[in-house]
Number of protein chains: 2
Amino acid sequence: SVNPDLASERQTASFSVEKLTALLDGGAEQTRIRRAVVEAIESDPVFSRENQYFQTQNERYEAAVRKAVHLQKKMHEMGWTEDGPEYKYIYRALSGDVAFLLHRVFMRSISVLGSDKQIAKWIPLATQHKLIGSYAQTELGHGTYLQGLETTAVFDTATQEFILNTPKISAMKWWPGDMGRSATHTVVFAQLYIHGKCYGIHPFIVQIRSLQDHSLCPGVTAGDIGPKMNFEHIDNGYLLLKNVRVPRENMLSKFCEVRPDGTYVRQGSQKINYFTMTTVRISLIADEVLTPLMKACTIAIRYSVVRRQSKLKPGEQEAKILDYQTQQEKLLPQLAAAYAFHFTNDYLQELFNRGYREIQRKNFDMLPELHALSSGFKAVITQHCTAGVEICLRACGGHGYSLLSGLPSLYTKILASCIYEGENTILLLQTARFLIKCFMAASAGQPVPPSVTYLAAGKHGKCPAKNKLDFLSPDIYTEAYQHVAVRLTSSTAAKLQDLIQSGVKKHDAWNQCTVQLVQAAKAHCHYIAVKNFAETVEKLETKAGIQKIMKHLCDLFALHGIFSNTGAFLHDGYTSAAQMDMVTASYLDLLAVIRKDAVPLVDAFDFTDQSLNSALGSYDGQVYQRLYEWAQKSPTNQISPAYERYLKPLLHNTLSKL
Amino acid sequence: SVNPDLASERQTASFSVEKLTALLDGGAEQTRIRRAVVEAIESDPVFSRENQYFQTQNERYEAAVRKAVHLQKKMHEMGWTEDGPEYKYIYRALSGDVAFLLHRVFMRSISVLGSDKQIAKWIPLATQHKLIGSYAQTELGHGTYLQGLETTAVFDTATQEFILNTPKISAMKWWPGDMGRSATHTVVFAQLYIHGKCYGIHPFIVQIRSLQDHSLCPGVTAGDIGPKMNFEHIDNGYLLLKNVRVPRENMLSKFCEVRPDGTYVRQGSQKINYFTMTTVRISLIADEVLTPLMKACTIAIRYSVVRRQSKLKPGEQEAKILDYQTQQEKLLPQLAAAYAFHFTNDYLQELFNRGYREIQRKNFDMLPELHALSSGFKAVITQHCTAGVEICLRACGGHGYSLLSGLPSLYTKILASCIYEGENTILLLQTARFLIKCFMAASAGQPVPPSVTYLAAGKHGKCPAKNKLDFLSPDIYTEAYQHVAVRLTSSTAAKLQDLIQSGVKKHDAWNQCTVQLVQAAKAHCHYIAVKNFAETVEKLETKAGIQKIMKHLCDLFALHGIFSNTGAFLHDGYTSAAQMDMVTASYLDLLAVIRKDAVPLVDAFDFTDQSLNSALGSYDGQVYQRLYEWAQKSPTNQISPAYERYLKPLLHNTLSKL
């Protein structure tokens, strides 16, 4: 039976939840396929996550390996293939709680960086799991700056081998997933030396464990890097190499080859490599970033209509906490952001697909724009969504702090997305470098990529809004965002030029502008996200109430961004103080409007109870029963040796009749 | 040997680190006592925290109990008493990693709420550990709103007993520390019923476990609530009561008594009760909030001068990451906040001591101000410091995400401080209620408490700064903060009045203003923190470079607050856009200045390596060695059954020669 406080929220939905789910999935047929996958996975007890919050790191790892192995069988049984329409839903259905994800990266890196011969040899072995692969790039002392990697691969002409070494402790490979305990092979990135000359970083396939008994190969030291904030199921590893020899054929050689005599030959274009990073950054947004935020919103919003605390009106029943303005102001902007970035992701995917088609036609023109957008949005979306999950957690008070709410593990996992695949600040600075370059080009009347043509516009003017309702007009707020993005880019470009003209060296000047460059990059991405959301809403079908509620969310997303960052809009007087008060009024009004549909809006995400794995967020809202039942199963409710060892002697030493 | 990159940072300190440590401790003698306590605790292997990051919740609990029991012995050995000067340093030296903290709350509640007779009976029993106490207030369905508690205590005149029940699942006591597995007794808060009439919430001493064998008493169901984000060492518990009878004498009766015939008698003033909450909120700031931020700053800043990544200048060595402006902008404001709030805490302590003396003279006039300040600052400081620890964690990239950095557990622990002892939003609204009341009074020419007299001033005017150096003048920025606090309070008061005058009911009007009321409360606290820091700096001795560096930190704290919240200062034109650009320039300049002293400034916090428990933050900066050595000890480096069970069959099924 559904908690009546939750049930009542569903009766007044202003739109069709099922239609909205289909919109999010990209069509009703996709919804059907997704649900079939979820059903097949969740009905299989091997994939259960029920005990996850009670398990040690060792138990989590073992379960992840068990699931990965079982998944092979399951896919075969179900007739799912890696090219099939079901494939993309499997990972989501497993909530990523599975081993051998780096095995895929191992395969992809061979496909992208290997010669046809290498692909023909290694890919079938990997596909059939005759080996388990990993990807060893990051070192203890080196992350973002690849040129700084210290691992070496010296070519020995006599034996036609590369000799690999991690010469210092900081050169030790550190973090690679699946490498701590599972992998038999890995792709090692190392500085290539031939006849004493360094040719920079190259990838080498290295066997690290025996295929017979899994013992470490000679010269290899490897293990697990120990406990982390999350990812207990992944055996992130370390790897030391001491004179480990691999044959010449093990250097991945699509782009560079070492001939038997030691001649180094570069071939083909490496541009596609940048495209690979772009691919990864875009592909992680949906599963690793949006899904956790959507889950957190589902949990926190359902809980906030079940939880009653204190009174809004004297004499009445305690109020649902979602009826407090402050609670709405915490949660509803996160909900709006989840929708906004879902549509941003669609936009990026489309751009990416277009770029991919061009690249296949050897046209690399779109690469810089794609790189800038994927870098900037990876940073902005991971940052925004991580903050959003934390807000959801804190908005659930004490119960949000219990692992059983599901929120702590969503938070600790999404947090990692701000760090991996490019640290966010560094990514934003890459976007900023692109913006400055395009701004200069546009100012000089040169053509620039479509997403930045607005930089040339450079209108000054004032915001034309006359009353608070004007701020529900997408033109009004989109232009305000555009104005801020132009202002921040142009003023930072001016500062940069001033510094250089005053004699500051280029790299110092750049460093002195980086705080402001980061602001400009964020403003650019925020503008595009708002603009894209508004354009998406424009195109939606008006029936079933979908367009109307999406318009409200778009308005909320835009106004929340202004309300939380008023200075950027007030700075040069584009928005006046009186207009800012209108923004605030419209923003607060919207909270009350969207609050009515809050539960249907999270229901549309269509998470099953198993996938939420939360005592607070279940569809039926039986929060307290679930917390109690679940807690009773905790290993902390087994008898502890602490009583006999410490408590009994303490109490009995001095025991007297009370 | 100290890492040379770290050692070089210490050679150029502009001030005496030892003098600054003494200032933070409140004198060189205090430093000496603190170090002696730390030395005694850390040299005792029972108190070791070395394996903490590898331990399960059960192991952490057991260790905490072991330490708590051992601590009794240790105190006896060392001659430390609860009234002695060493006492306050013990908890800090243990990093709070010890059981029976609620036993103290049990004792304090009896001291405050109990009659002299009750105190005489129970306090000696508790002091001698003839029982282990807890404090059972929060319920599964009820936290902040005490009047909503559902547990009942019905007086039975026939037997002269109270019959206690948790009649619904939401009435179950949930969260009390030490109760899940340890406590034999607890103070239960329940609705008192006599002859069918409810008299509201009262405290009752209830025995829950046998003193002979620790089995649960009849009618009692209790256990541990399971895994949380942190606090694994604490057995937060649940408690169900079914017709549990306690004698009439077990109701704590300093303020209210039930006579044998069922007559209810209220006696004395309960005002002191509010003072107790104030005490707790202020007392947690130092150990639970400031210490974690100071530790996080120490770890992140030391790591940021050891870690080299990428190049600032072409051709040079890779740069220390603290030399990047963006890294400075992440960490140095957190360092400034740690110092700022250290001095705020001194201010609150002094105010509190003054209030305490007044209360002992039966003068309760200071209570409302104390309540408002302790509530507001509890919220503002916990929020600010929690965000600060998270920034430190993220600023250390991947290594910050490893538990071995020490940062994840600092974060997950400090996060709880935003929730316990009053949820932050609710506390800020209490401060706001006080502000609105005082603003109205001040506007009507009535006297108001000292901390809010500024609300009457209501100067409009403009910021007089003419160049960026003017923003290094405490008068200039303190007045700007004051202006914003007045503006937010007065404009929200006006909105509130307008709504009420337009016919909106009082409680609805209040709810519609809460988002802005929270802003006003924060602005008030921020203003006081800035003002107090500036006044503190003014009074410091000028020698040994202390005043100079503290002045820099004060400026940074103030300007960072403006830079991060420009809209509040720009809104009504108090600060112009040109002035805001000066703020930005001064702020960025300051980062480069303070960066030079960053390491000495964290060294002054004087944390030992053991207390930091961090592979990144040690005094010698041997980061990579420590990470590697520590990771090798992880239980994840023991042989996993996953190989034999899953990996071997997978690999061997299809094994062929590679």
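Refer to the preceding data block for the structure.
Quantities reported herein were computed from a predicted structural model and do not represent experimental measurements.

The next point concerns the sheet that holds strand E4 (residues 173–174) of chain A. All names here are of chain A. Strands sit in the order E4-E8-E7 across an open sheet of 3 strands; the sheet is antiparallel. At either end of the open sheet lies a strand with only one pairing partner, and these are E4 and strand E7 (220–224). With 2 bridges joining them, E4 and strand E8 (residues 237–241) adopt antiparallel strand pairing. Within E8, the position partnered with Trp174 by the bridge is Tyr238.

Our focus in this paragraph is the nonpolar core. Among the nonpolar cores identified, the biggest contains 326 residues, and A:Tyr339, A:Met550, B:Tyr339 and B:Met550 are the most heavily contacted of them. The dominant element in this core, judged by the number of residues it contributes, is helix H16 (residues 506–539) of chain B, at 17 residues. Excluding residues that lie within four positions of it along the chain, B:Tyr339 makes contacts with B:Leu20, B:Leu24, B:Phe533, B:Met550, B:Leu553, B:Leu601, B:Ala604 and B:Phe605.

In this assembly, 135 residues from chain A lie in contact with 135 residues from chain B. Overall, the association of chain A and chain B removes approximately 11,100 Å² of surface from exposure, summing both partners, and the carbon and sulfur fraction of that is 64%. Viewed at the interface, chain B and chain A are joined by 4 salt bridges. Note that A:Glu423 and B:Lys330 form a salt bridge whose closest N and O atoms lie 3.3 Å from each other. Where chain A touches chain B, the interface holds 58 residue pairs in polar contact (both at pLDDT 80 or more). Tallying contributions element by element places helix H24 (residues 641–653) of chain A first for the side of chain A that touches chain B, with 9 residues. A per-class count over the side of chain A that touches chain B returns 60 nonpolar, 52 polar and 23 charged.

To continue, consider unusual backbone geometry. You will see that A:Phe100, though not glycine, has its phi angle at about 70°, which is positive. Mapped onto the fold, A:Phe100 is located in the loop between helix H5 (87–93) and helix H6 (101–113). Classification of A:Phe100 by relative accessible area gives buried; the value is 6%. Its identity is not glycine, yet B:Phe231 carries a phi of approximately 60°, on the positive side. Residue placement: B:Phe231 occurs in the loop between strand E7 (220–224) and strand E8 (237–241). On the basis of relative accessible area, B:Phe231 is assigned to the buried category, the value being 17%.

Reading guide: rules and limits
All residue numbers here refer to positions counted from 1 along the written sequence of the relevant chain. Labels are handed out in written order, letters beginning with A for the chains and numbers beginning with 1 for the ligands. The predicted nature of this model means local features are confined to residues of pLDDT at least 70 and side-chain atom pairs, given and counted, to a pLDDT of 80 or more, with totals for whole chains, interfaces and linings taken over all residues. With hydrogens and water stripped out, all remaining heavy atoms of the structure feed into the side-chain values. Being paired, for any two strands, means DSSP has found at least two bridges between them. Counting from the N terminus, the helices are DSSP H or I runs at least four residues long and the strands are E runs at least two residues long. Side-chain atoms within 4.5 Å link the members of a nonpolar core, which is a set of buried Ala, Val, Leu, Ile, Met, Phe, Trp, Tyr and Cys residues. Between buried and exposed lies partly exposed: a residue is buried under 20% and exposed over 50% of the maximum accessible area for its type, with that area taken using a 1.4 Å probe on protein chains only. By the convention used here, residues are in contact when the closest approach between their heavy atoms is within 4.5 Å. Two parts placed together each lose some accessible area under a 1.4 Å probe, and the buried area is that loss summed for both. Salt bridge, as applied in this entry: a Lys or Arg side-chain nitrogen positioned within 4 Å of an Asp or Glu carboxyl oxygen. Definition of a polar contact: a pair of N or O atoms within 3.5 Å, with one able to donate and the other able to accept a hydrogen when the atoms are protein atoms, and with sequence-neighbouring residues admitted only if both atoms are side-chain atoms. Each residue gets one of three labels, nonpolar for Ala, Val, Leu, Ile, Met, Phe, Trp, Tyr, Cys and Pro, charged for Asp, Glu, Lys and Arg, and polar for the others, Gly among them.

As far as function goes, none of this settles anything; it's purely spatial.
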